[in-house]
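# Notes for the structure review
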Amino acid sequence: MPDVVVVGGGPAGASCALNLARRGVDVTIVERARFPRRKVCGEYLNAGAMAALDELGVGASVRERARRLTGVRLVTPKIDPVELRFPSPAFALARATLDDRLLDAALAAGAMLVHARVEDLLYEGRRVAGVAARGDDGASAKLRARFVVGADGSGSLVARKLDLVRASRGARRFALGGHYLGFDDLGGFVEMHVDRGTYFALNPLPGALTNVMVVVREKQLATWSQAVDEGVRGAAATLGGGRRSFDGAERVGARATIGPLEFGVRAVTQPGALLVGDAAGFLNPFTGQGVFLALRGGIDAAVAIDDVLTGRASEEVAFAGYAAQRTRDFERRRKLARVVDLLVDVPFLARRASARLRRFPELGEHLMNALSGGVASQRAPSPALLARLIV
Ligand SMILES: Cc1cc2nc3c(=O)[nH]c(=O)nc-3n(C[C@H](O)[C@H](O)[C@H](O)COP(=O)(O)OP(=O)(O)OC[C@H]3O[C@@H](n4cnc5c(N)ncnc54)[C@H](O)[C@@H]3O)c2cc1C
């Protein structure tokens, strides 16, 4: 019986398993997909994510494969684009490559991998004590462990089985995207085009590829019916005043759709179980914090579990420490994501924020510093800073 079962081998699960394995903990990852697998993502890695990758010992190999980014170009209608530079290096890399690299590193460190879909949790009394999973061949198996880590992404089955999912309010959003060839050189800038509840982002990947992500409300997606590619092109042509044309750009490979994007939980621990990464709550992807939070959460969860296994702390104390850290990392970023939702929804506010960022460069610098993830959570955007964007 392993000490720990980690459900999901994405950035959160792989970083947790890698850190545990390096500490000599017997850990098994249960992952339903065969890697390398696609993951709908803008594929931007902020400085905080890079620092976490360095801590995990894979930063150098990720940099080798990734493209270095210059900054963010914000494009809103009726106003000139604003360019904000990254204060510390940020990178772009296809998630298929990044996630494969991380999972490989976890296995090389001694973690085991089981290909199966987790369907349920096992209990001993009120305590989580393992998972029930179904393999590719349809056979079901029970895997008992002292701890279960739910790293199974937004919509997490582990969170649902623990009855921790919080009902979401407001309009539901979906993301569609893919890799494209044929866009003009973006000069190393991630381009964000925003208007009336919708936005699309272009991220220059290594080689000539561009990652294109469109985030739309559910009702708009429904009107596109089967003609989703045309819908994406149409949205792209109108957003940001049509400054970025899709003419000559062709999608390479499959289009991916994911949603609803809203997902939150009431707590991130239960006796015997922790939630990490998107399974512990999902932020509007506009701010590009997800991979950073997933990697950091995976590392922090591993430390908490190791503290219990080695007798340095009781489970109650170690898990409370993990939950408090997660709140510190997440909450201010969640507030920022709320403000971003407002800017995306209300064109007048988006234009005002763009104008303020141009007029007060120190505001943009502060915002980019905080968003880079390379600073402590207490320096994440404060409510006062956010207010200066629109008031
Ligand atoms: C449109 C969009 C754009 C984004 N852009 C960015 C960006 O540019 N930069 C950034 O940092 N973040 C971005 N994010 C967020 C980022 O993608 C996530 O925060 C990140 O993937 C979270 O990692 P994770 O390991 O928690 O979950 P995931 O990466 O989702 O991994 C979960 C894993 O669990 C597996 N799994 C799920 N259920 C089961 C099960 N029942 N049994 C076994 N295995 C299971 C899945 O196969 C998957 O491999 C974006 C997200 C979206 C939706």
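Rules and cut-offs
- Residues numbered from 1 in each chain as written.
- Predicted model: local features only at pLDDT ≥ 70, side-chain atom pairs only at ≥ 80, totals over all residues.
- Heavy atoms only, no water.
- Near = heavy atom within 4 Å.
- Polar contact = N/O pair within 3.5 Å; in protein donor to acceptor, adjacent residues only side chain to side chain.
- Areas by Shrake-Rupley, 256 points an atom, 1.4 Å probe, with all protein chains shown as cover.
- Helix = DSSP H or I, 4+ residues; strand = E, 2+ residues; numbered from the N terminus.
- Nonpolar A, V, L, I, M, F, W, Y, C, P; charged D, E, K, R; others polar.
- Domains from an automatic or database assignment.
- Salt bridge = Lys/Arg side-chain N within 4 Å of Asp/Glu carboxyl O.
- Buried < 20%, exposed > 50% of the residue type's maximum accessible area, 1.4 Å probe, protein only.
- Core = buried A, V, L, I, M, F, W, Y, C linked by side-chain atoms within 4.5 Å.
- Contact = heavy atoms within 4.5 Å.
- 1 Å grid on protein atoms, 1.4 Å probe; cavity = no way out; pocket = protein on both sides within 12 Å on 5 of 7 lines; lining within 4 Å.
- Points joined across faces, edges and corners; volume = space filled by probe spheres on them.
- Pairing = 2+ DSSP bridges.
- Buried area = accessible area lost by both parts, 1.4 Å probe.
- Axes fitted to C-alpha atoms, helices over the stretch in contact; angles between N-to-C directions.
- Expected span 1.5 Å × (residues − 1).

## A short note on the site of the ligand
- Near the ligand, the surroundings consist of 37 residues, among which Glu31, Gly42, Tyr44, Asp278 and Val291 are the closest.
- The contact in question runs from a nitrogen atom of the ligand to an N or O atom on the backbone of Gly42, over 2.7 Å.
- Alone, the ligand offers 1000 Å² of accessible surface; in the complex the protein occludes 94% of this.
- Elements supplying a minimum of two residues to the shell around the ligand: helix 1 (11-22), strand 2 (27-31), strand 6 (112-124) and helix 8 (290-309).
- A class-by-class count of the residues in the shell around the ligand yields 20 nonpolar, eight polar and nine charged.
- Shared between two domains, the shell around the ligand takes at least three residues from each, and those domains are domain 1 (4-68 + 89-167 + 262-340) and domain 2 (173-258).

## Quick word on the pattern of salt bridges
- Applying the stated criterion across every chain yields a total of 17 salt bridges.
- Between Glu191 and Arg73 there is a salt bridge whose closest N-O contact spans 2.7 Å. With Glu191 in strand 12 (residues 189-195) and Arg73 in strand 4 (residues 67-75), this residue pair connects regions lying 118 residues apart in the sequence.
- The class of Arg73 is buried, set by a relative accessible area of 13%.
- Here Arg312 ties to Asp307 by a salt bridge, and the two come within 2.9 Å at their closest N and O atoms.

## So, the nonpolar core
- Val4, Leu45, Leu53 and Leu275 are the most contacted members of the largest nonpolar core, which has 76 residues in total.
- Top contributing element to this core by residue count: helix 8, with eleven residues.
- Leu53 has contacts with Leu45, Val58, Gly59, Val62, Leu98, Leu102 and Leu295, leaving out every residue within four places of it along the chain.
- Of all hydrophobic cores here, the second largest spans 39 residues; its members include Ala201, Leu261, Leu349 and Ala353.

## Describing the layout of surface pockets
- Of the voids in this model, the second largest pocket is the one considered here, and its volume is about 730 Å³.
- Around the second largest pocket, the lining comprises 26 residues; the ones closest to its centre are Ser168, Arg169, Glu262, Arg338 and Asp341.
- Elements with a contribution of two residues or more to the lining of the second largest pocket: strand 14 (210-217) and helix 9 (315-345).
- Broken down by element, the residue count for the lining of the second largest pocket peaks at seven residues, all from helix 9.
- Of the residues assigned to the lining of the second largest pocket, the class counts are twelve nonpolar, five polar and nine charged.
- A domain-level breakdown of the lining of the second largest pocket finds at least three residues from each of domain 1 (4-68 + 89-167 + 262-340) and domain 2 (173-258).

## Let's talk about the pairing of strand 9 (residues 147-150)
- Residues Phe147 and Val149 point to one face of strand 9 and Val148 and Gly150 to the other, with burial holding for every one of them.
- Bridge count between strand 1 (residues 4-7) and strand 9: four bridges; the pairing is parallel. Along strand 9, the bridge assignment pairs Val5 with Val148.

## Topic: the domain arrangement of the chain
- For the chain, the assigned domains are domain 1 (4-68 + 89-167 + 262-340) and domain 2 (173-258).
- Using C-alpha coordinates to define each centre, domain 1 is positioned 28 Å away from domain 2.
- Each partner contributes residues to the interface: domain 1 has 17 residues there, and domain 2 has 21 residues.
- Both sides of the domain 1 and domain 2 interface together cover about 1500 Å² of buried area, and 56% of this is carbon and sulfur.

## Some points on the sheet that holds strand 9
- Taken together, the eight strands give an open sheet; going across it, the order is 8-7-6-2-1-9-18-17, and neighbouring strands pair in mixed fashion. Of all strands in the sheet, those with a lone pairing partner are strand 8 (140-144) and strand 17 (269-270), marking the two edges.
- In this sheet, strand 18 (residues 273-275) lies alongside strand 9 in parallel orientation, the contact comprising three bridges. Each residue of the ladder has a partner; that of Val149, found in strand 18, is Leu274.
- Contacts from helix 1 reach strand 1, strand 2 and strand 9, with the element oriented near 165 degrees to strand 2.
- Strand contacts of helix 8: strand 1, strand 9 and strand 18, with the helix running at about 175 degrees to strand 9, the strand carrying the most contacts.

## Digging into helix 1
- When the terminal C-alpha atoms of helix 1 are compared, their 16 Å separation across twelve residues agrees well with the 16 Å that a helix rising 1.5 Å per residue should span.
- Of all twelve residues that make up helix 1, eleven are buried, and the element is covered over most of its length.
- Turning to helix 1, its buried residues number three or more, namely Pro11, Ala12, Gly13, Ala14, Ser15, Cys16, Ala17, Leu18, Asn19, Leu20 and Ala21.
- On the buried face of helix 1, the contacting elements are strand 1, strand 2, helix 4 (95-108), strand 9 and helix 8.
- Just downstream of helix 1 lies Gly24, where phi reads positive at about 85 degrees.

## Regarding the side chain of Ser156
- One can find Ser156 in the loop between strand 9 and helix 5 (157-161).
- In terms of polar contacts, Ser156 uses its side chain to reach the backbone amide nitrogen of Val158, at 3.2 Å.
- With residues up to four places along the chain from it excluded, the contact list for Ser156 reads Phe263, Leu275 and Ala279.

## Section: the side chain of Arg95
- Take Arg95: it is sitting in helix 4.
- Owing to a relative accessible area of 5%, Arg95 belongs among the buried residues under this scheme.
- Apart from residues lying up to four places away in sequence, Arg95 is in contact with Pro11, Arg37, Lys39, Cys41, Glu43, Asp100 and Val291.

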